[in-house]
Amino acid sequence: MQRPEPAKPGPANPAALAGRRILITRSADRAQPLADALGDLGAEPLVLPLIDFERAHDQSGLDSGLDRLSAGGFDWLVISSITTVRVLLEKAAGRGVDIAALLPAGTKVATIGQSSRQALESVGLVVDLAPTDVQSAEGLLQVWEPASSRVFLPQADIAAPGLREGLAAKGADVTAVIAYHTVDYPAREEVRVAGDVPAAVVHPNVPHPNVLHPNRGALAVLEPADARKAFDAGTLDAVVAASPSAARRIATLFPELGTCRFIAIGRPTAAEAWRLHLTVAATAKEPTTEGIVAALESVFANEGNPQ
């Protein structure tokens, strides 16, 4: 089966998405920017939260790593997700400091793409290295210069070993710690990661499920049973997965997508979907709202709009 190349972002084509029902598999607060963009193009965004994030069960590794980071024990801090930024915001607040105070002068920051770069810069951190082409762990490794360095890498419990191993292969002494756990939605409220990135980057947390969608009322949040009925009835045009873990949950809950197209936020998510025998209709070239919209437009550009 031929796998499509990542869709290139381009000028918006409102006709391509008008009337399309698009399921976003994120919590409502994190789905809001994409939902807004889809609504502006005439689509009907729906939300099905599948995964959530809890603080690390054992905080000792993260705490000792942050102590060493603050004491100048690392040359680099590598951030591979916005959720890690949220965790660090919580840890900084718990220490009574701004997140920038966790890094001494001379410690550099690297991340995997523009979304995480914007999140880091929005909370006062200067990003020294981020890929602009392939925005993923693979992309960061492509631009990382081989050298002996000390790297602090806080990650999800289910993070693939590729980034850690790739950095080590380029000469880095990598200290990787679990920053958070990826869990089925919803996370337990008392341990849910809740550090809030500014609204300019990710829409701030708002009460579930009645999230206001500007000028269009409340954002529709589905339960899995409702989504299953929609898949079976063929009333969903596309489902967007924003991580490999979301792809796994989709494959578990909805092994048959019917006529609904699977859209991946990036290559790791697409690869996981293919591994699970889900057909990927398009992969965003960039893991951003604009990249996902471009991927959706590439799928529907040559089809008539739903009646």
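Residues numbered from 1 in each chain as written. Predicted model: local features only at pLDDT ≥ 70, side-chain atom pairs only at ≥ 80, totals over all residues. Heavy atoms only, no water.

What follows covers helix H3 (residues 60-70). Of the positions making up H3, those classed as buried are Leu62, Gly65, Leu66 and Leu69. When H3 is viewed along its axis, its buried side chains cluster within an angular range of 100 degrees and face the same direction. In this structure, the buried residues of H3 make contact with strand E4 (76-79), helix H4 (82-94), strand E6 (149-156) and strand E7 (172-184). Backbone geometry just after H3 places Gly72 at a positive phi near 85 degrees. (Buried < 20%, exposed > 50% of the residue type's maximum accessible area, 1.4 Å probe, protein only. Helix = DSSP H or I, 4+ residues; strand = E, 2+ residues; numbered from the N terminus. Arc of directions from axis to C-beta. Contact = heavy atoms within 4.5 Å.)

Attention now moves to the nonpolar core. Where a protein is soluble and globular, its nonpolar side chains tend to be buried together. In this structure, Leu23, Phe231, Ile250, Leu257 and Phe262 are the most contacted members of the largest nonpolar core, which totals 55 residues. The element best represented in this core is H4, accounting for 5 residues. Setting aside residues no more than four positions away along its own chain, Ile250 makes contact with Thr25, Leu50, Val239, Ala241, Pro255, Leu257, Phe262 and Leu278. Counting residues in hydrophobic clusters, the runner-up holds 24 residues, among them Leu17, Leu34, Ala43 and Ile292. (Core = buried A, V, L, I, M, F, W, Y, C linked by side-chain atoms within 4.5 Å.)

Counted by the stated rule, this structure contains 16 salt bridges. Here Arg192 ties to Asp52 by a salt bridge, and the two come within 3.1 Å at their closest N and O atoms. Linking Arg192 in the loop between E7 and strand E8 (211-213) with Asp52 in strand E3 (residues 51-55), this pair joins segments that are 140 residues apart in sequence. Of the two residues, Arg192 and Asp52, neither departs from the other in class, the shared state being buried. With a closest N to O distance of 3.3 Å, Arg249 and Asp184 form a salt bridge. Of this pair, Arg249 sits in helix H9 (residues 244-253) while Asp184 sits in strand E7, and the two are 65 residues apart along the sequence. Note on Arg249: relative accessible area 17%, which makes it buried. Connected via shared salt-bridge partners are Asp63, Asp67, Lys91 and Arg95. (Salt bridge = Lys/Arg side-chain N within 4 Å of Asp/Glu carboxyl O.)

This next bit is on the packing of aromatic side chains. One pair of aromatic rings is described through two measures. These are the centre distance and the angle between the planes. Taken as a whole, this structure holds 4 aromatic pairs when the rule is applied. Aromatic side chains Phe53 and Tyr180 sit 5.5 Å apart centroid to centroid with 90 degrees between the ring planes, which places their arrangement in the edge-to-face category. Of the two residues, Phe53 sits in strand E3 while Tyr180 sits in strand E7, which places them 127 residues apart along the sequence. In this structure, Phe53 and Tyr180 share a single accessibility class: buried. A cation over an aromatic ring shows up here: Arg68 above the ring of Phe74, its NZ or CZ 4.0 Å from the ring centre. (Phe/Tyr/Trp six-rings, centres within 6.5 Å; stacked < 30°, edge-to-face > 60°. Lys NZ or Arg CZ within 6 Å of the ring centre and 35° of its normal.)

The next subject is the environment of Gln59. Among the secondary structure elements, Gln59 is positioned in the loop between E3 and H3. Looking at Gln59, the relative accessible area reads 22%, which means it is partly exposed. With 119 residues separating them along the chain, Gln59 and Ile178 place their C-alpha atoms 8.3 Å apart.

So, on to the packing of H3 against H4. The interhelical angle for the contact between H3 and H4, taken along N-to-C directions, is 75 degrees, at an axis separation of 12 Å. It follows that H3 is roughly perpendicular to H4 by the angle criterion. From H3, Leu62, Asp63 and Leu66 reach across to H4, where they touch Val87, Leu88 and Lys91. The residue inventory of the contact of H3 with H4, partitioned by class, reads 4 nonpolar, no polar and 2 charged. (Axes fitted to C-alpha atoms, helices over the stretch in contact; angles between N-to-C directions. Parallel < 35°, antiparallel > 145°, perpendicular 65-115°, else oblique. Nonpolar A, V, L, I, M, F, W, Y, C, P; charged D, E, K, R; others polar.)

With that out of the way, let us pick up the sheet that holds E4. The 5 strands are arranged E3-E7-E6-E4-E5 in an open sheet whose pairing can be described as mixed. Since the sheet does not close on itself, it has two edges, and those belong to E3 and strand E5 (108-111), each with one partner. If you compare each strand with its neighbour and ignore which way they point, the axes differ by 30 degrees on average. Set on the sheet, H3 makes contact with E4, E6 and E7; between it and E6 the angle comes to about 145 degrees. (Pairing = 2+ DSSP bridges.)

So, on to H9. Those residues of H9 not exposed but buried are Ser245, Ala246, Ala247, Arg249, Ile250 and Ala251. Each element contacted by the buried residues of H9 is listed here: E3, E7, strand E10 (238-241), strand E11 (261-264) and helix H10 (267-275).

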